[in-house]
Each structure stands twice: as C-alpha cells, then as structure tokens.
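# A look at the structure
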Amino acid sequence: MRVLVLAATLAALSAGAALAAGALEVVPEAPAGSTEVKIAKMKFATPEVRIKAGSAVTWTNTEALPHNVHFKPGGSVDKELEGPMLRSNQTFSVQFNTPGTYDYICTPHPFMKGKVVVE
Ligand SMILES: [Cu+2]
C-alpha cells in the first residue's frame, strides 16, 4: 500500500514537471555556470553559443541603447518568447531544456541575430 502511494506521488510529480518545463524557460536569476552573452555595439558579442540541455544562457546589455532577446517560432522554437527590453547592465536568462538550434533576434533591431545550439 505504502509503495503504491509513493509510486502515484512520483508519477504526479513528473507529469507536473513535464508540463511546466517547455523547451525555453525564462529563469529569474542567472544560474551558476550559465553561458554569458554580452550585447554591445548593436551586436550579440557571441552570436553562436553551444550548451548542454538543461543549462542556461544569460544575456547582459552593456550599452545605453535598450535591446532584447526574441525567439520566434520555427526550427526548434515551438512558442514565441519575446524577452523584455534590457537597459544598460540588465540581464535576461533562459534555460534550454530540449536539444536543438534556437535562433533569435532583437525585436527593434532584427538585423541583430544570434543562435543557441543545445546538445
Ligand atoms: Cu537591439
């Protein structure tokens, strides 16, 4: 009986986790070991980064002009994710849960392009 209850609890927990965790997950703070991408001179300074599934990328705007990070559906992106505009020294962190290639732009400057390859 005890074993059955435990099994049911575990099943409920893993179903909840699967629902909550999409391919892209905005996380409130940069987790330890996350990959850094600086935004400077109207560019993503490291336009392509490679990370392992389950780890995160943190973008930091290092200039006065506001920028953001915007994923549009296509390729490995299933849902649009338009990050907030970042002022100088503000950061934005996304955890990538599913392997694939994730292209992004800056909303007001679509010529600013970057890519996260998740292995
Ligand atoms: Cu921009």
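Please refer to the structure placed before this passage.
Only a predicted model underlies this, so the values are computations on that prediction, with no experimental measurement involved. Position numbers for residues count from 1 along each chain, tracking the sequence in the order it is written. Only residues with pLDDT of at least 70 are given local features in this predicted model, and only at 80 or more are side-chain atom pairs given and counted; all residues enter the totals for whole chains, interfaces and linings. Side-chain metrics in this entry use all non-hydrogen atoms of the structure; hydrogen atoms and water are not considered.

### Overview of the overall build of the protein
How we decide: Numbering goes from the N terminus for both helices and strands, where a helix is a DSSP run of H or I of at least four residues and a strand is a run of E of at least two. Any residue under 20% of the maximum accessible area for its type is buried, any over 50% is exposed, and the rest in between are partly exposed; the area is computed with a 1.4 Å probe on protein chains only. In these tables, accessible area is a Shrake-Rupley quantity obtained with a 1.4 Å probe, and a residue counts as shielded only by the protein chains included in the view.
Assigned secondary structure in the protein consists of 1 helix and 10 strands. Counting helices and strands in the order they occur from the N terminus, the protein gives α-β-β-β-β-β-β-β-β-β-β. The buried share among the 119 residues of the protein stands at 34%. Only carbon and sulfur atoms are counted for the fraction: they give 60% of the accessible area of the protein, which is about 7,100 Å².

### Description of unusual backbone geometry
With a phi angle near 60°, Met-42 is a residue other than glycine that sits in the positive phi range. Looking at the secondary structure, you find Met-42 in the loop between strand 2 (35-40) and strand 3 (43-44). Backbone geometry at Asn-89 places phi at a positive 70°, although glycine is not the residue there. Its place among the elements puts Asn-89 in the loop between strand 7 (81-82) and strand 8 (91-96).

### Let's talk about the pairing of strand 9 (residues 100-106)
To be explicit about the condition: The criterion for strand pairing is that DSSP finds at least two bridges linking the strands in question.
The buried fraction of strand 9 is high, at 5 of 7 residues. Relative to strand 9, strand 6 (residues 70-71) runs antiparallel, the two sharing 2 bridges. Bridge pairing links Phe-71 to Tyr-104 in strand 9. Note: strand 9 against strand 10 (residues 109-118), 7 bridges, orientation antiparallel.

### With respect to the environment of Pro-73
Convention followed: Contact definition: two residues touch when any of their heavy atoms are within 4.5 Å.
Mapped onto the secondary structure, Pro-73 falls in the loop between strand 6 and strand 7. Filtering out sequence-adjacent residues up to four positions away, Pro-73 remains in contact with Asp-78, Lys-79 and Glu-80.

### Details of the nonpolar core
A general tendency of soluble globular proteins is for nonpolar side chains to be buried together. Rule in force here: Among the buried residues, those of types Ala, Val, Leu, Ile, Met, Phe, Trp, Tyr and Cys that are joined through side-chain atoms within 4.5 Å form a nonpolar core.
If you look at the biggest cluster of nonpolar residues, it comprises 23 residues, and the most contacted ones within it are Phe-44, Trp-59, Phe-71, Phe-96, Tyr-102 and Val-116. Ignoring any residue separated from it by four or fewer positions in sequence, one finds Phe-44 in contact with Val-37, Lys-38, Ile-39, Trp-59, Asn-68, Val-69, Tyr-104, Ile-105, Cys-106, Met-112, Lys-113 and Gly-114.

### Regarding the sheet that holds strand 1 (residues 24-27)
Read across the sheet, 5 strands follow the order 1-8-5-2-3 without closing on themselves; strand pairing throughout is mixed. Sheet topology places strand 1 and strand 3 at the edges, where each strand pairs with a single neighbour. In this sheet, strand 8 lies alongside strand 5 (residues 56-61) in antiparallel orientation, the contact comprising 5 bridges. Looking at the pairing, Thr-60 lines up with Thr-91 of strand 8.

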